Structure formats: C-alpha cells, structure tokens
Amino acid sequence: MQITITLNGKKVSADVAPDALLIDFVRSHGCYSVKRGCETSNCGLCTVFLDEKPVLSCSVLAARADGHRVTTLEGLQEEAAEFGGFIADQGAEQCGFCNPGFIMNALALFRENPYPSEEEIKEYLAGNLCRCSGYEGQLRGIQAFLAWKKSKEAAE
Amino acid sequence: MKNVNQPFRKKDAMQLVTGKPVYMDDLAPADCLIVKLLRSPHPNAIVKTINTTVAKKVPGIEAIFTWEDVDQNGRRYTQAGQTYPEASPYDRLVIDRHVRFVGDVVAIVAGVDDRCVDKAMKLIKVEYEVLEPVLDFHTAKDNPILVHPEDNWESLCPVGADNKRNLCAHDECGSGDIDAVLANCDVVIDHVYHTKACQQAMMETFRTCCYMDLYGRLNILSSTQIVFHTRRNVANALHIPKSMIRVIKPRVGGGFGAKQTAVSAIYPAFVTWKTKKPCKLLFTREESQTASSPRHEMEMHVRLGATKEGIVKGIDLYTLSNTGAYGEHGPTTVGLSGHKSIPLYGKAEAFRFVSDVVYTNHMSAGAYRGYGATQGLFAVESAVNELAAKLHMDPFKIREMNIVKEGDVMPAYYGAVNTSCALDRCLKKVHEMIDWDHKYPVRDLGNGKVRAVGMGMAMQGSGISGMDVGSATLKVNDEGFYSLIIGAADMGTGCDTTLAQIAAEVLDCGLDDITVFGADTDVSPYDSGSYASSTTYVTGKAVEKCAMKLRAQICKLGAELLHCEEADVAFDGKNVFVDADPEQKVSLSEVASASQFGHMVPLEVTETHTSPLSPPPYMVGAAEIELDKETGEVKVVDYAACVDCGTPINPNLTRVQAEGGLLQGIGMALTENITYDSKGCPMENSFMQYKIPARVDIGKIRVEFENSYEPNGPFGAKSIGEVVINTPLPAIADAVYNAIGTRFYELPITPEQIAMAVEENR
Amino acid sequence: MMTIREYKRAESLEEAWQLNQKKNNRVLGGMIWLKMEKLNVGTAIDLSGLGLDTVEETDEGFSIGAMVTLRQLELHEGLAAYTGGAVRESVRHIVGVQLRNLATVGGSIYSRFGFSDVLTMFLALNASVELYKGGIVPLAEYAARPYDRDILVRVLVPKEAASFCYQSVRNSQTDFPVLTCAAAKTAEGYRFVIGARPGKAMLFALKPNGAETPELTADRFAAEVRAQIKTESNLRGSAEYRNHLAGVLVKRAVRRLEA
C-alpha cells in the first residue's frame, strides 16, 4: 500500500506491506539510529516521535503513520549533539546501542517538562533499558545538561 | 600526567550519541541474504528425517542446509573464544543430527527477505526421535544418558573431561591439610550455594554478516570481542583454511563476555562459503535469551573454618558447574569460583578446591563478566558474613582481621605474590561511605518497612597469566599524526580511547593526535581479544612498550636529519632536538615528511606483551536495602563501593564500568533468573520475562577509588571490567538476612521468598 | 509474528463493525500484544480516524474513547482529581512512556487480560463499556463475557461519592504485577478488585460494621478476601504468595481510605 510520511521534515512516499513496522520503514529510509533491542516492546531502543509523542517504532504499523510526522535522531542532530555531549562527558554512552532511543526519549521529556526532578527523570525514562551504565552516569549527564541549560537561560 | 588518569570523552562518543550508522546491521550490504535458524523444540533428540523440498520452493529461498550437508564424522569444533589449544572441548558440528537443547540448530535457511525465510521455516518437515534429556545437573555426572555419546568428541587439554561420564571438566587442588585444619576450628560454616545461568543481555543481540571479497576470501563482519579466535572457530567449523577467512569487528553494542563465544558467526559463514553470496544473521532477543552463552549455573559447597576470634583458617570448596549442551568456557570458568574467592582470606592455612563441570540438555553456557568468580564470591563471601553473624562480629571487622595484604603469597591464586593491593583502604572507604556504624544491621521505618545493610568483597584478575597476548601497532603519518592499530575489541568499554591515552602519554601528544583502528584479523596485530579483564593490563602494556619503541624510531630519523647520533637527541612530543643544544631541532612533522621521502627508517612499530602475572583488582561493596516485610518487595536504595584497579587510565570510564557492573550484580541478586520447564524449555525468553533492572529499580550507586600502583601494569593500572559485578550478590543477601533474619543460599532472592520467610519466622 | 494482508483505517464505526464480522479480521488497539501474536490477520481495522481519542468529563462522569492511550489516562487531571491519583498509579508502572503513548484503553479493556492494571482499576471505578451494537454493558459483566466481534467504542466511568486507591506488587518496577488491588470506598461500603491472580480480576463488595475499629475492619476484610479469592501460580509468584498479598493489599487499602 502507498503511504506518505513526513520523515524528519521531508515528505517520503513509499509502497509498504500492510504489516510493515515503522522501525523497518525508517531504517530502510536511512534512519539507522533507530535500533531494535527486543521483540516485546520492553527496551525503548526504537523510540521515535510520532507527531510530537515518543513511541516505540517496533510497535507501530508504518501504515498507521501514514499522513503523520515521524522524527528520528537523524532529524535532531543538533539537539542530540548538544545534550549527548553531556552524556559523553560522563563516558555514559558506553556501547552506544541504547543511546539513540534514550536520547530521543530524554528530548521528549525536556519538551514536556523542561526541568524534571530526579524522580521525574527516572520515571519518564523507565522504559529505556541500558545494560552498560547502571543508569547513574546517564543521570549525572542529564543533571549536568539541565544545570547548563538553566544557567544559559539565566544569562540570556 | 596529561593523558593517563584523565577523564576524556571516548573517541567515538559523539558518533554514538548522535546515532551514526556504525554497528553491524547499519553497515551490512543492502543485498544480503537473510539467514535464520530452525531450532529444535526438544532438549534431546535425533533428527530422523528432515524434508526441505517444499520449503526450498518458496520464491526467494536461496538455500536450506541441514545435517545432511555437514559431515557428521568430521572433526568437531568449539565456539569458545580462547587461546589455542582451547580448554573447551571440540563438541560441536555446524549442524548436528543429534540436537541437545531446546534451541539447538536443525536447519539454516537463507533467502532474499524475512518474509520468504519465515515462510520456508514453517514448511520444513522434521521428524524427531525424542530422547530422554538430562535436565537436573545434580544427576548429570555418570548418568546413563549421555549428552555427547559420539566418538568424535574431543578434548584438547588435560582438564579432566570425559564425555562418557557427561564430564566437561574435573579438577582438584589444594594446599595444607584442610581436613585437619577444619577439625581444629572453633566454628565451621557449612552450606551449599546456588547461582543461576544469568544472561548478559547486552542491548545489541548476537549478529554477523558475511561476504566474499576480491580474493575469494570469506569476510566476516561480526559483533564480537574475539576476532582472531572467531577466525579459528569458523575455520574449524567449516573445515576450511584460516587463510581464507578475515574477521572484522564494527562498533559492538555490548558484550560482557557473551561475545567471547562465536555464537552467531558460524552459520552465516557457512551460507556465504557455500553460496558465495553476502548474507546476515541477526539473533532475535528470544534467541539471545534461549540459545546463547549465559553464565554457568553453579552450586558451591563451602566449608569455611575459623577460630572463635574470627580468623579464617581454612576453606574447602566443591563447585558443580552446569555447562549445558556444549562445553564453551566450561573447564575454565569453574576455576575462578575458587581461585578468585579463596585468596581474599590471607590467613588461611589450608584450602581445597574440587570441581566438576557437567553436560546437561540446557543451552550451552559461556563467558559472563566475572566468569565464575561471581559465583564463587557469592558463596565464600556469604559464608564469611554468616561466620561474622555467628561470632557476633561486625562483617567489616572480620574482613579487616583476615584480608590478604600487599606482598602476601596467595596459595590459592596459583602461588602468586600480591603485587598491589588497597583492599584495606577500600574497606575503610566503604565503611565510611555507607555510614555503616549508624546503619548496621537494620533500622525499622515503622510502616512494615525496614532498612538494612550488608557487604561483600571481591577480586578478579587482569588477563590470563602466561597466556593472553596483547599487541599494538603504532605508526607516524603525514604531518606527524599517529595511528594506533589494535586487535583488542572495544565493545563499549572504551579501550579504543584508553589505549590511545596510554600511547599519547608516552608520545607526549594530545589524544586527538592519535587515530585508533580495531579490530580486523587482516590488519590488526595479534591480540587474544577483549576478555578476562586483559585489555588495559596486557594490551595496554603492549601499547606502552610500542610507543616507547616508536619514540626511539622518531629519534633515530630525527638524529639522521640533524646529522648527529641517536644517543645525542631527545624527543619532547613536538620536536626532536639535540640534547646539548635544544635550538638544533627538527619537528615531528618534518620527521614524518622525511620518512616518506627517500629514507628507510620505518616509523611504524609493532609490540607484543604477555604477563606471567594476573594482578587482582579488588573491591568492596555495601548495599543498603529497603525491604517491605509484608509484601517482600526489596529495593537497593544505596550501593556504595570502592575499587582498587590500580591507576584508572580514564576515571570516567572506570567509574561507569563500576556502576554498570554493580547494577548487573544487583539484577543477578534480585530479579534475573533462568528457569526451565519440565520439558527442558527455557522460560525467560524475552525482556518481558527476564527482568534486567530498569532505572526505577535502583536508588543510588556510588563508586569511589582507592588506587594501589601495580608495577607490572601500564602506568600502574590493573583491570576494572569484571571485578565490579561481584560484590552485590553477597552484600544484598546479607542485607536481606539483617532485615528479616533468614539467610538465602540461592539467587535471585525474590519478594515471594522474603515474604514467605517473614511469615514463617512469625 | 503477526502478518496482515490488508490495513484499513475505518471511516465509520459501521464500517469497522462490518469488517470485524469476518473471523480473521482484527481491530487494532495499541498493537503491543497483537504484534507479538503468531497470527495471520486478514484486514487490520484501525479506529484511529474516528475521534475516539478523547476523555470527556461531565458532572456525571467520564467518557473515555477506545483509542485514548494509557498515557492520556495517566495525565488526565480530572481522572486524577476524581480518583485521588489512583488511575495514574494504576498505569504508571506499565513499561514506559513510549509504550503508554501507544497502548489504548480499548485494547486493554477488550483484551481482558488477567494481569491488566487497567481492567482492575476500571472495575473498581464501577465502569461500563459502550459497544457499537451491544450498547452499554457494565464492565463487570463485559469482563466475564467471551470475546465477541462487537466494537468497543468507549469506557464510561460514573462519578459517585467515593474514594479510591490502587496498589500493585511487582518483582521489579516495570514488570507485570504479581498482584493488583484497586479499592473503592463508597457510601455503601467497599469494593475491592484483585487482579493478576493471575486470572482475570475478581470483585469483592464488603461492608464495614459500625462497631469495629478501622484496624479491625481491615483485618476482617483481608481475611474475607483471602478466604474467597482464587489464586494460581505462574513465573511471577505462587498461589500461596498471591493469597498472602491479597490480604496485605486489602488491609493497606482500608487503612489508607480510612485515614
């Protein structure tokens, strides 16, 4: 079936199978940041924005995204680098495989709640598994980023 | 130091956080055939007939291979990534007519896309002769049912293996008269401890892509920790010359030992070798959970004797290890359960360590961070905690009285001298970090909840002594930037960066002046691979030596350009200059240019290192748990730990290694379980059923460092990667005891077990 | 893994209903469970174009469209105020925000899984379901019915003079529950709904006796629920443990709602 998705700001039309999943659609359109870590909607690695909301692209039919906007880390390179630098400063990106999904969802968090508390951070990102970091370094990176953002905004 | 002991960003960090395509499936050729494996539903069976005629007719199917395509009398192989001759037995065929666990490979199917392969898989008709399995590892040894009855089973090393007894290995060792020592002890703690076959659960599942190159050689792009061993594993499996194989590692999405076994490489290699077409195999999470290389399930019988004053006089350990259907890492992991737990107790006068490793019809075990030490330390440290309780002594106090010290000879650690050790300082530090005196043993929060603390110690090694080989190549390029080429595998550990830091320290340059490449069997100098906590200590030393030699080469060419003797010049990282007259100098850039213009001094050096010692890193950890006595729910609200890894090459990376390892240990203590149903089918086959900790499951993890200086390591460094997983197991088990008064000898400790124990104690 | 031959975004409920009469057609919820089933679907029927993605609040109650996500439930201020945060508590442990942005109320209620936090919660809220053909049916009755081919359109929650609380016990925070307990205290007494037994949630209506202290009431309710409830064993816990937990959670619910 024919679908049209606004992928990272560009209209993409494609012929897809009715059961094609959004994760496979975006990867086949060059968005390799989107990873698959499980088949049971548990890991959060495949997080993309569907319109403005973070969703698991492994659990969305490409057909269902027809007519909608889909954003992956490829479409958020500046934000990813800006925030990701703080993760890198902790060494907490480690193997890197969970990073795109984690960073997507962290960016979603900051949009919904610009200055989340530690508890709010943990709860919002609970569905983003990471096996390397023990989450502590990610948390330090997020808090360092928020502190930097706050001081930058105060200066403006 | 400008580079070593500095918290630099990893060299690949920004590529990773911006999601660049650097992993195997991002790099695989677009026209790869899709490979999937048809797996056995039975734990022990013979494939009577297998019919692929209809399946092969599915449009898009390229090939289907079964046992009929594999010489059943051919030489067997192992998937273990180990130095040749491997301690692990040669007990596998690419496809064996005899399937030995639920998930064993019955057919390899290759086709143009997922859809046709899925369809063909359903159309393969298999008739099994179902055999009775060996599912309880207690009954495996000398069981009349043999997991490996075949005559072409082979053990290359004297590890006490005997396939006609279901024995993958057997060993006995000791020192002193343990029976006499224990007979004279005032107290003997005597218990059996049990740990399960936990999964590494790295986020990137096992995966490999293969293609033929210009020279007709098989190229293997695999998510692996062991490129050189994989080359041998594949050559042995396919019975083809090693010269025809090249193995390359892209960025790896986590390993933790799982990828120290060639779990996924063999099958696509077989397909590409047969069809000459590119193909790829990506394990599903289900396959990664059920047909992979998890930790060895172990049962440890500890008899630990002490004086009434609390001096540990002797430790007697018997370990029974379950290697599953195949013997990968079976003979070697078991050794660490004793050799990396018993030596912590420096005043013991005798020890005995006996072990059996048995075959069963479970999935094969493999290497997982800690590699047997994790299991052994749970047992021995739990026994010491129980000893402390029995003697009404503080667990920290009893450790202070007993621990091994720097300079001690360690009889249970192959008689090695303890060359560097800050275990005493780690104890003091953790005692203070957790505020032990105020929190030990338990505080009532008044709402059915209590907070309790517990602690444990750990050691590991730094590489395999006298065996592991690390190498590095360094070269000077145009304008004087360096290339570092390694065979060690960065799987998120950051070794591309830490090894470059070591080189930069020696070469007096910035980290950005060094590019890193690894690992490729055609290009990299030989390296055993990244496992056994070897990379920093063994390969790091090779890098240090290599950089020293390269400095000499730079000086040699510089001296030539300055028309003086090599002995008369020095190099400060920027210029080669005459010692007596520093104004007479030539820049590194000029030296580099000269090397490419009419000169024959090679500015390229390869250096190799091995170490007769494996200096242990040490660690102490303490857990504070909050436990709900009615529901049994328990959460680690604070975990304080202190590590002695010698000099941390990159403090950020050692810290995140420690934090991540601790949470894996916490998961093993509380939630991660592998169980089989009565038919031998593994139950925890997804992340829905196998619960690795999420960030809401953990309070704080805090890590500090007390550094010793290891004279044999690069800049005083020892290892960090594995030791970090070990302490949570005994620490949490003891915290639970302090909370409710019941000891648990089996992991994980579940809310149900806790709640039911509280009910029983009423 | 599920396959789908055709995908159809329904343009009316009638069209969805017509399509759904065919045995191998399926209505899509959040796709979380459906995609894991080994199932060959003829036509996948998508209700997402029918405006069923809102929560409407009136003085009488809430009308929740079948396509409202669990995340919308979690963030809905009216539901939070009415239930004292119980609705939020019932969904916030479910895996993660990204999953809750997909999983729908309709999917959860239609599936009627034993472990469902949503079903447990809505039973305690005395909810009804609105079916396209079948009209309005009390949720307790709907939950007991076998799966049929009607279309679940909305979930209706009446406002009553009541207070609520939701509890669950999990082996880890984002896991399936070992046991769930939703409680409602109304003028007539208490409703307890115990889910993840692991079977479908069971409802218990109990009345306090004016003479006893809240603590005694809690003990008596706990004993009564434990005596009546049927629990079984699975990977996450034994029947015995679940029975024990039922007592603990009922007791805690009473204490909280009496406080």
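Worth saying up front: this structure is predicted, and the values here are computed from it rather than measured.

What counts and how
Numbering of residues starts from 1 in every chain and runs along the sequence as written. Starting at A for chains and at 1 for ligands, labels are handed out in the order in which the entities are written. With the structure being a predicted model, the display of local features is reserved for residues of pLDDT at least 70 and the display and counting of side-chain atom pairs for 80 or more, all residues being used for whole-chain, interface and lining totals. Put simply, DSSP H or I for four residues or longer makes a helix, DSSP E for two residues or longer makes a strand, and each gets a number counted from the N terminus. Think of it this way: build a C-beta for each residue from its backbone, and any pair within 7 Å is a contact. Here the nonpolar group is Ala, Val, Leu, Ile, Met, Phe, Trp, Tyr, Cys and Pro; Asp, Glu, Lys and Arg are the charged ones; every other residue, Gly included, is treated as polar. Buried, partly exposed and exposed are defined by the number of other C-beta atoms within 10 Å of a residue's own C-beta, namely 20 or more, between the two limits, and 12 or fewer respectively, with C-beta atoms placed from the backbone. As a rule, the C-alpha atoms of each element are fitted with a line to give its axis, helices using only the stretch in contact, and angles between N-to-C directions run from 0 to 180 degrees. Reported orientations rely on four angle classes, namely roughly parallel under 35 degrees, roughly antiparallel over 145, roughly perpendicular from 65 to 115, and oblique for the rest. Each helix crossing is assigned a hand: it is left-handed if the near helix lies turned anticlockwise from the far helix by less than a right angle, otherwise right-handed if that turn is clockwise.

(A) Representation of the overall build of chain C. Tallying secondary structure elements over chain C gives 10 helices and 12 strands in all. The C-alpha extent of chain C, read off along each of the three principal axes, is 60 × 45 × 30 Å. A separation threshold of at least 6 residues defines the contact pool for chain C, and within that pool the share at least 24 residues apart is 60%.

(B) Layout of the interface of chain B and chain A. Between chain B and chain A, the residue contacts involve 41 residues of the former and 42 residues of the latter. For the side of chain B that touches chain A, the secondary-structure elements that each account for two or more residues are helix 1 (13-17), helix 8 (285-290), helix 17 (651-670) and strand 29 (698-705) of chain B. Here the side of chain B that touches chain A takes 7 residues from helix 17 of chain B, the largest share from any one element. Of the residues contributing to the side of chain B that touches chain A, the split by class is 22 nonpolar, 10 polar and 9 charged.

(C) Seen up close, helix 9 (residues 330-339) of chain B. All names here are of chain B. Most of helix 9 sits out of view: 10 of its 10 residues are buried. Where helix 9 is concerned, the buried positions are Gly 330, Pro 331, Thr 332, Thr 333, Val 334, Gly 335, Leu 336, Ser 337, Gly 338 and His 339. Where the residues of helix 9 are buried, they touch strand 7 (167-175), strand 13 (297-306), strand 14 (312-324), strand 15 (350-359) and helix 10 (373-390).

(D) Examining the packing of helix 6 (residues 227-238) of chain B against helix 7 (residues 266-275) of chain B more closely. Residue and element names in this part refer to chain B. At their nearest, the axes of helix 6 and helix 7 sit 10 Å apart, and the two run at 55 degrees to each other. By the angle class used here, helix 6 and helix 7 are oblique. Like other packed secondary-structure pairs, helix 6 and helix 7 cross with a definite hand, here right-handed. The segment helix 6 lies against helix 7, with Asn 233, Val 234, Ala 237 and Leu 238 engaging Ile 266, Ala 269, Phe 270 and Trp 273. Partitioning the contact of helix 6 with helix 7 into residue classes produces 7 nonpolar, 1 polar and no charged.

(E) Structural view of the packing of helix 15 (residues 535-561) of chain B against helix 16 (residues 588-595) of chain B. Residues and elements named next belong to chain B. At a closest axis distance of 10 Å, the pairing of helix 15 and helix 16 adopts a crossing angle of 85 degrees. Comparing the axis directions of helix 15 and helix 16 gives the class roughly perpendicular. Where helix 15 approaches helix 16, its residues Ile 554, Leu 557, Gly 558 and Leu 561 are matched on the opposing element by Leu 588, Glu 590, Val 591, Ala 594 and Ser 595. When grouped by side-chain class, the residues that make up the contact of helix 15 with helix 16 number 6 nonpolar, 2 polar and 1 charged.

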